[in-house]
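# Fold and contact review
Below, each chain spelled out in residue letters.
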There are 2 protein chains.
Amino acid sequence: MKKIINDPTTVVEEALHGMAEAHRDLITVQFEPAFIARADAPVTGKVALVSGGGSGHEPLHGGFVGAGMLDAAVPGAVFTSPTPDQILDATKAVDGGAGVLHIVKNYTGDVLNFETAAELAAAEDIEVSAVVIDDDVAVKDSTWTAGRRGVGGTVLVEKIAGAAAARGDDLAAVTAIAQRVNAQVRSMGMALTPCTVPHSGEPSFTLAEDEMEIGIGIHGEPGRERVKLAPADEIVATLLGSIVEDLPFEAGDNTLLFVNGMGGTPQIELYLAYHSASKYLKDKGIEVTRSLVGNYITSLEMQGMSITLLKLDDEFTQLWDAPVHTAALRWGV
Amino acid sequence: MKKIINDPTTVVEEALHGMAEAHRDLITVQFEPAFIARADAPVTGKVALVSGGGSGHEPLHGGFVGAGMLDAAVPGAVFTSPTPDQILDATKAVDGGAGVLHIVKNYTGDVLNFETAAELAAAEDIEVSAVVIDDDVAVKDSTWTAGRRGVGGTVLVEKIAGAAAARGDDLAAVTAIAQRVNAQVRSMGMALTPCTVPHSGEPSFTLAEDEMEIGIGIHGEPGRERVKLAPADEIVATLLGSIVEDLPFEAGDNTLLFVNGMGGTPQIELYLAYHSASKYLKDKGIEVTRSLVGNYITSLEMQGMSITLLKLDDEFTQLWDAPVHTAALRWGV
């Protein structure tokens, strides 16, 4: 295992210290239990957004804490759900009196622990609602999931719902926006290489030198099929074909196209894949008016990518464009 | 070779199409010869900044084209200098009548080709000055260099000189700022794994499973020494020890700390290394008031990192904080 670490058991904690030091103006990090919160939390009268999940997907979620996006992020151990007490403490820390929205990726442990935390928060008179993200079209159920997995769409939900909260929407309205984004977004990923969880020291799976995994999950869990390597245009057609057919997206639709790196893929390949996707969608008459390209929801050092497509309406576009100030996404401020 | 590409010979061209499509509001891309320019270039009366070099280091340089940073970027083939005609065309396209600064990383081919382009531009009555970046303390001369190599400091020069041009400094003043940043910045890198140039199909070097290369160049060219893997704190102490001693940086200095990923390193490791660096500098009494963490000058999918330290003064800090709107760095706008 080749990693820039000191000790496999302290990776998350040390990285959180680094985040806190690098972004002192933006965030504070609590330990025991661990969570990342906006430096100015709680924001009185604003609906607060809390997300979280296993570490190893950075910048998700801690990189999205700040004005216009998340109020807190709760990191578990690598690829491991955060505990209810972490989620509860984060929820209490950022509640500004207008209620808290939990944004939960659909993995069994995450869903259960966020539910438990929400019940505990309710017992302390904090109003909590939740949206479960399940945008991955690759598989119906998976190793770690009943139903579809939550992947790249999560980033878009966090940005758009965060902007709705920032403009003053109440908890019901912010929750409805988050649910509406989740209903209009679809994703699918693929991997060229596995990744290695520091604690285990072994790759999560193996792929031959001429193989790739289509429909991979963000923990390296199996996807749809293991196939021979193919050109970028074919890979993109496979991913986008499944995505477009699923919603379905149709000619004339206005979309946001998000090409996401899995952590170990160079940017030159992501832009090349963006070009493939752009050609594919143009052929179908689907318009792209907003874009995101880069490593935003990753699987440690895995090489591969996911594609996410969101059907835009005027409100989504306006909320996407609204100012955001986080470590990983920033504009307008 | 596992890559998301269609054809090793068209990687750069296809990725440039993807960049142009993803950032239509920000940049335009020309082909034959290839360069990336600000969508609103030329900006009349403003000193224009042009940089460039081999592809494979993305987001450097194309990701830094936009308001407050570069006016144009000239991409060569992967790890290959751009040609004089590319540089000349970019220079002519963005000259707004106030002259053009060439920001050149110190590699023999780059230096020669930028010099030739500058002479050709001068023959067309465009005033050109140049700054050669040589911030890498790892080796005195290298495979591809007489003198030190230009690495992570280039990003900081482009940002700070770009802000000076945006505020209306003339060519001599912008050039002087760029030279002053280069004089105050030092870098050093390391690699855990090699990278593979698409055209060659073979890794640029090999490292055993328990080895790393200290002082690596951004093309995988040899550094100071090949040693056994070590904990992050030791790696950081080796890099920062050489950096701090070289300038030298001293107790009480105010600095910008830049922890850069080589392309294949997960963000969790970069923040962990940032924490190591933060501890190291605190011990020496060196203050960090500005930070940058992420993949900004890369070597395709190489795993590893570089550390860059810039001694800040009030003017550098002000110019660093000034608004910037590019694909890879954006704030204040």
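Computed from a prediction, not measured in an experiment: that's the story for all the values here. (Residues numbered from 1 in each chain as written. Chains lettered and ligands numbered in written order. Predicted model: local features only at pLDDT ≥ 70, side-chain atom pairs only at ≥ 80, totals over all residues. Heavy atoms only, no water.)

### Observations concerning the overall build of chain A
Secondary structure assignment for chain A yields eight helices and 14 strands. For a compact globule of 333 residues, the expected C-alpha radius of gyration is about 20 Å, and chain A comes in at 19 Å, within 12% of that figure. Considered along the principal axes of its C-alpha atoms, chain A spans approximately 55 × 50 × 35 Å. Counting every position in chain A, which comprises 333 residues, the buried fraction comes to 63%. Look at the contacts in chain A between residues 6 or more apart in sequence, and 73% of them connect residues 24 or more apart. (Helix = DSSP H or I, 4+ residues; strand = E, 2+ residues; numbered from the N terminus. Rg over C-alpha atoms; globule rule 2.2 N^0.38 Å. Buried < 20%, exposed > 50% of the residue type's maximum accessible area, 1.4 Å probe, protein only. Contact = heavy atoms within 4.5 Å.)

### What about helix 2 (residues 84–94) of chain B?
Residues B:Gln86, B:Ile87, B:Leu88, B:Ala90, B:Thr91 and B:Val94 constitute the buried set of helix 2 of chain B. Buried residues along helix 2 of chain B sit in contact with strand 2 (35–38), strand 3 (48–55), strand 4 (72–78), strand 5 (100–105), helix 3 (108–123) and strand 6 (128–133) of chain B.

### Let's talk about the relation of the copies chain A and chain B
For the pair chain A and chain B, the best superposition has an RMSD of 0.0 Å and corresponds to a rotation of 180° with a translation of 0.0 Å parallel to the axis. Here the two chains are linked by the operation of a two-fold rotation axis. Relative to the rotation axis, the closest C-alpha in chain A is found at A:Gly264, a distance of 1.9 Å. The fraction of interface residues of chain A whose copies in chain B are also interface residues reaches 100%, indicating that both copies meet through the same surface. (Least-squares fit on C-alpha atoms with pLDDT ≥ 70 in both.)

### A look at the interface of chain A and chain B
Residue-level contacts link 63 residues of chain A with 63 residues of chain B. Of all residues in chain A, the largest losses of buried area upon contact with chain B belong to A:Lys2, A:Ile4 and A:Ile268, amounting jointly to 19% of the total for that side. Our count for the contact surface shared by chain A and chain B stands at two salt bridges. Contributions of two or more residues to the side of chain A that touches chain B are made by helix 1 (11–22), helix 6 (232–246), helix 7 (267–283), strand 11 (287–294), strand 12 (304–311) and strand 14 (330–331) of chain A. Ranked by residue count, the leading element in the side of chain A that touches chain B is helix 7 of chain A, at ten residues. (Buried area = accessible area lost by both parts, 1.4 Å probe. Salt bridge = Lys/Arg side-chain N within 4 Å of Asp/Glu carboxyl O.)

### A short note on the domain arrangement of chain A
Residues and elements named next belong to chain A. Along its sequence, chain A is carved into domain 1 (12–184) and domain 2 (185–331). A C-alpha centroid distance of 21 Å is found between domain 1 and domain 2. At the junction of the two partners, domain 1 supplies 45 residues and domain 2 supplies 49 residues. Interface area for domain 1 against domain 2, summed over the two sides, is near 3,800 Å², with a carbon-plus-sulfur share of 65%. Among the residues of domain 1 in contact with domain 2, Leu156, Lys159 and Gln184 are the three that bury the most area, contributing 17% of the side total. Counting across the interface, domain 1 meets domain 2 through five salt bridges. Taking the shortest distance from any N to any O, the salt bridge between Asp246 and Arg148 comes out at 2.6 Å. Inspection of the region where domain 1 meets domain 2 yields 25 residue pairs in polar contact (both at pLDDT 80 or more). Mapped onto the side of domain 1 that touches domain 2, the elements with two or more residues apiece are helix 4 (153–166) and helix 5 (171–184). Examining the composition of the side of domain 1 that touches domain 2, we find that seven residues originate from one element, helix 4, more than from any other. (Domains from an automatic or database assignment. Polar contact = N/O pair within 3.5 Å; in protein donor to acceptor, adjacent residues only side chain to side chain.)

### Description of the side chain of A:Asn106
Residue and element names in this part refer to chain A. Tracing the sequence through the fold places Asn106 in the loop between strand 5 (100–105) and helix 3 (108–123). The exposure class assigned to Asn106 is buried, which follows from its relative accessible area of 10%. Looking at Asn106, its side chain comes within polar contact range of the main-chain oxygen of Ala146, at 3.0 Å. Discounting residues that sit within four places of it in the chain, Asn106 has contacts with Val111, Val132, Ile133, Asp134, Thr145, Ala146, Gly147, Arg148, Arg149 and Gly150.

### A look at the packing of aromatic side chains
A ring pair, where both rings are aromatic, is described by two values, the distance of the centres and the angle of the planes. Residues and elements named next belong to chain A. For the structure on display, the rule yields six aromatic pairs over all chains. Residues Trp320 and Trp331 carry aromatic rings whose centres are separated by 5.3 Å and whose planes lie at 55° to one another, so their mutual orientation is tilted. With Trp320 in helix 8 (residues 314–321) and Trp331 in strand 14, the pair connects residues that are eleven residues apart, well separated along the chain. In this pair, the class of Trp320 matches that of Trp331, namely buried. One aromatic cluster is present, built from ring pairs that chain together Phe64, Phe258 and Tyr296. (Phe/Tyr/Trp six-rings, centres within 6.5 Å; stacked < 30°, edge-to-face > 60°.)

### Brief notes about the pattern of salt bridges
Enumeration according to the criterion identifies 38 salt bridges over all chains in this entry. Of the charged contacts, one joins B:Asp71 and B:Lys46 as a salt bridge, the two residues approaching to 2.8 Å between their closest N and O atoms. Pair noted here: B:Asp71 is in the loop between strand 3 and strand 4 and B:Lys46 is in the loop between strand 2 and strand 3, with a separation of 25 residues, a long-range link. The class of B:Lys46 is buried, set by a relative accessible area of 11%. Three or more residues joined by partner-sharing salt bridges are found here, namely A:Arg167, A:Asp169, A:Arg180, A:Asp313 and A:Glu315.

### Description of unusual backbone geometry
A cis amide bond links B:Glu58 with the next residue in sequence, B:Pro59, at an omega value of 10°. The residue B:Pro59 is located in the loop between strand 3 and strand 4 in this model. The backbone phi angle of A:Phe79 is positive, close to 60°, even though this residue is not glycine. You can see A:Phe79 is positioned in the loop between strand 4 (72–78) and helix 2 (84–94). Owing to a relative accessible area of 10%, A:Phe79 belongs among the buried residues under this scheme. A positive phi angle, near 50°, is found at A:Leu300, a position not held by glycine. Following the sequence through the fold, A:Leu300 ends up in the loop between strand 11 and strand 12. On the accessibility criterion, A:Leu300 (2% relative accessible area) is buried.

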